[in-house]
Amino acid sequence: MFTQATASILASMPLACVLIGQDARILSMNAPAEELLGANVVGRHHVTVLRQPALLEAIEQALHGDIPQKTRYNSLSEESDSVYRVTVSPVAGETGEAILVVFEDVTDVERAGEMRRDFVANVTHELKTPLTALLGFVETLRGAARDDAEARDRFLGIMEREGERMNRLINDLLSLSRVESSERRRPTERVRIDELIISTMSALRPLAEQVGVTLRHRIEGDGEDLTAPCDPDQLTQVFSNLIENAIKYGGTGEIVDIRITAQPREIAFRGPAVRVDVIDYGEGFDPLHIPRLTERFYRVDAHRSREKGGTGLGLAIAKHIVNRHRGRLRIESTPGEGSMFTVLLAAGA
């Protein structure tokens, strides 16, 4: 057996480590390894504990070939799936050779890579559709519709809409990048949230009137302190997005309410807070969508969203802005009854 000093070294390692002897039995393991593989496995044959073929093959090659190996290990549980990068290395000890198996959790790295791939694929798809339409109409205008004034005007109108769609998407991507780059810097300027809301409503009232929606706002509570440290431009972007979405997608209810409340104590912040609820009484949606609504390019109804000029990035931008303010974004919806989007902002310094 390896000495107590070896066990102490393993215990000090932050990564999960398993020591396997030449007889293929587990000699020692540290606490992270017990958490990953289970307790009371010392002395057992490694095959009964590490059952994944790729890892077993790497251990066998290291045992018999004395050459370090690298492989992957997937841990499946009810809570989440994890991916580990595994290094299998021969080591020398006081009583002979052994194999040290080290597990490095790379789940976050894998997910980040997957998110980047999905993001590139989504951006490519979102840009390719209007770009293909533009190129197709350009080709048509140069050919069959060259001398057809009516068709030319119709095609140019469609091209303009597709160009505006691409421009909105690019602007949202740039906005998302700027927000992410500043997310760790918390704003310090104190601003009256009710004044931001009233200004935002004034800017969006023509859109609301165009589709027959009435915007209403009310202040609940004493309303004495509705200030919070914030970036006024970024918060205006959040409220504009939420109210515009309520107009576009909840407009069948004909009313959008914006409720502003000064809360003396909010559990999430353990102190005072300003709460803003944007409520529509339209179609609503299945609550199953709520966990993914703030993902980039996720839409409840993709076709309807594109028809209304949505880029699929608005709520993702709102989430990052609210995160920068150390706030909370909450979403509730009931099919047939409407939706409520809530922004909570800490009012303390």
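Residues numbered from 1 in each chain as written. Predicted model: local features only at pLDDT ≥ 70, side-chain atom pairs only at ≥ 80, totals over all residues. Heavy atoms only, no water.

Chemist: Break down the overall build of the chain for me, with residues and values.
Modeler: Looking only at helices and strands, the chain features nine helices and twelve strands. The C-alpha radius of gyration computed for the chain amounts to 29 Å, which surpasses the reference 20 Å derived for 349 residues by more than 25%, pointing to a less compact arrangement than a globule. Seen along its three principal axes, the alpha-carbon backbone of the chain occupies a region of about 85 × 65 × 35 Å. For the chain, with 349 residues in total, the buried portion stands at 43%. Put simply, of all contacts in the chain between residues at least 6 apart along the chain, 61% involve residues at least 24 apart. Total accessible area computed for the chain in this model is approximately 19,300 Å², and 51% of it derives from carbon and sulfur atoms. (Helix = DSSP H or I, 4+ residues; strand = E, 2+ residues; numbered from the N terminus. Rg over C-alpha atoms; globule rule 2.2 N^0.38 Å. Buried < 20%, exposed > 50% of the residue type's maximum accessible area, 1.4 Å probe, protein only. Contact = heavy atoms within 4.5 Å. Areas by Shrake-Rupley, 256 points an atom, 1.4 Å probe, with all protein chains shown as cover.)

Chemist: Can you tell me about the pattern of salt bridges, naming the residues and giving the values?
Modeler: Working definition: two side chains of opposite charge can pair if their charged atoms are close together. Summed over all chains, the structure comprises 14 salt bridges. For the salt bridge of Asp257 with Arg216, the shortest nitrogen-to-oxygen distance reads 2.7 Å. Taken together, the residues span a long stretch of sequence, with Asp257 in strand S9 (residues 255–266) and Arg216 in strand S7 (residues 214–220) at a distance of 41 residues. Overall, the relative accessible area of 39% leaves Arg216 in the partly exposed class. Note that Glu220 is salt-bridged to Arg218, the shortest N-O span being 3.1 Å. Ionic contacts of the salt-bridge type, sharing partners, join the residues Arg192, Asp194 and Glu195 into one network. (Salt bridge = Lys/Arg side-chain N within 4 Å of Asp/Glu carboxyl O.)

Chemist: Kindly report on the packing of aromatic side chains, identifying the contributing residues and their values.
Modeler: Tallied over the full model, the rule gives five aromatic pairs. An angle of 80° between the planes, with centres 5.4 Å apart, marks the rings of Tyr73 and Phe103 as edge-to-face. Taken together, the positions of Tyr73 in strand S3 (residues 69–76) and Phe103 in strand S5 (residues 96–105) put the pair 30 residues apart, joining distant regions of the chain. Note on Tyr73: relative accessible area 9%, which makes it buried. Joined through ring pairs, the aromatic side chains of Tyr73, Tyr84 and Phe103 make up one cluster. (Phe/Tyr/Trp six-rings, centres within 6.5 Å; stacked < 30°, edge-to-face > 60°.)

Chemist: Please provide a residue-by-residue account of the packing of helix H4 (residues 107–142) against helix H5 (residues 149–181), values included.
Modeler: At a minimum axis separation of 9 Å, H4 and H5 run at an interaxial angle of 160°. In this view, H4 runs roughly antiparallel relative to H5, as classed from their interaxial angle. The hand of the H4/H5 crossing is left-handed. Split into classes, the residues belonging to the contact of H4 with H5 amount to 17 nonpolar, three polar and four charged. (Axes fitted to C-alpha atoms, helices over the stretch in contact; angles between N-to-C directions. Parallel < 35°, antiparallel > 145°, perpendicular 65-115°, else oblique. Left-handed = near helix turned anticlockwise from the far one by under 90°. Nonpolar A, V, L, I, M, F, W, Y, C, P; charged D, E, K, R; others polar.)

Chemist: Account for the pairing of strand S12 (residues 338–346), with residues named and values stated.
Modeler: Counting buried positions along S12 yields nine of nine residues, so the element is predominantly enclosed. Across the two faces of S12 the burial is the same, with Gly338, Met340, Thr342, Leu344 and Ala346 and Ser339, Phe341, Val343 and Leu345 all buried. Pairing between strand S10 (residues 271–280) and S12: eight bridges, direction antiparallel. Across the sheet, residue Val278 finds its bridge partner in S12, namely Phe341. Strand direction decides the pairing type here: strand S11 (residues 328–334) and S12, joined by seven bridges, are antiparallel. Considered in S12, the bridge of Ser333 is made with Ser339. What sits between the antiparallel neighbours S11 and S12 is a turn of three residues, in which Gly336 has the positive phi angle 85°. (Pairing = 2+ DSSP bridges.)

Chemist: Can you lay out H4 for me, pointing to particular residues and giving the numbers?
Modeler: Taking 1.5 Å as the rise per residue, H4 with 36 residues should run 52 Å; its terminal C-alpha atoms sit 52 Å apart, in good agreement. Of all bends in H4, the biggest is about 25°, found at Lys128, and the proline Pro130 comes one to four residues later. (Expected span 1.5 Å × (residues − 1). Bend = angle between axes of the 7 residues up to and from the residue.)

Chemist: With reference to specific residues and values, describe the sheet that holds S11.
Modeler: With mixed pairing, five strands are arranged side by side in an open sheet as S7-S9-S10-S12-S11. Among the strands making up the open sheet, the edge pair consists of S7 and S11. Strand-to-strand twist of the sheet, defined as the mean angle between neighbouring strand axes without regard to direction, takes the value 15°. In the packing of helix H6 (residues 193–210) onto the sheet, contacts are made with S7, S9, S10 and S12, and the angle to S7 comes to roughly 170°.

Chemist: Tell me about the nonpolar core, and please be specific about residues and values.
Modeler: Counting 47 residues, the largest nonpolar core has Ile193, Val238 and Ile258 as its most contacted members. Counting only elements with at least two residues in this core, the list comes to H5, H6, helix H7 (232–249), S9, S10, helix H9 (314–324), S11 and S12. Ranked by residues supplied to this core, first place goes to H7 with seven residues. Sequence-distant contacts of Val238, defined by excluding residues within four places in its chain, comprise Ala318, Ile321, Val322 and Val343. Judged by nonpolar contacts, the second largest core, of 24 residues, contains Ala16, Leu63, Val86 and Phe103. (Core = buried A, V, L, I, M, F, W, Y, C linked by side-chain atoms within 4.5 Å.)

Coordinates in, geometry out; function isn't part of it.
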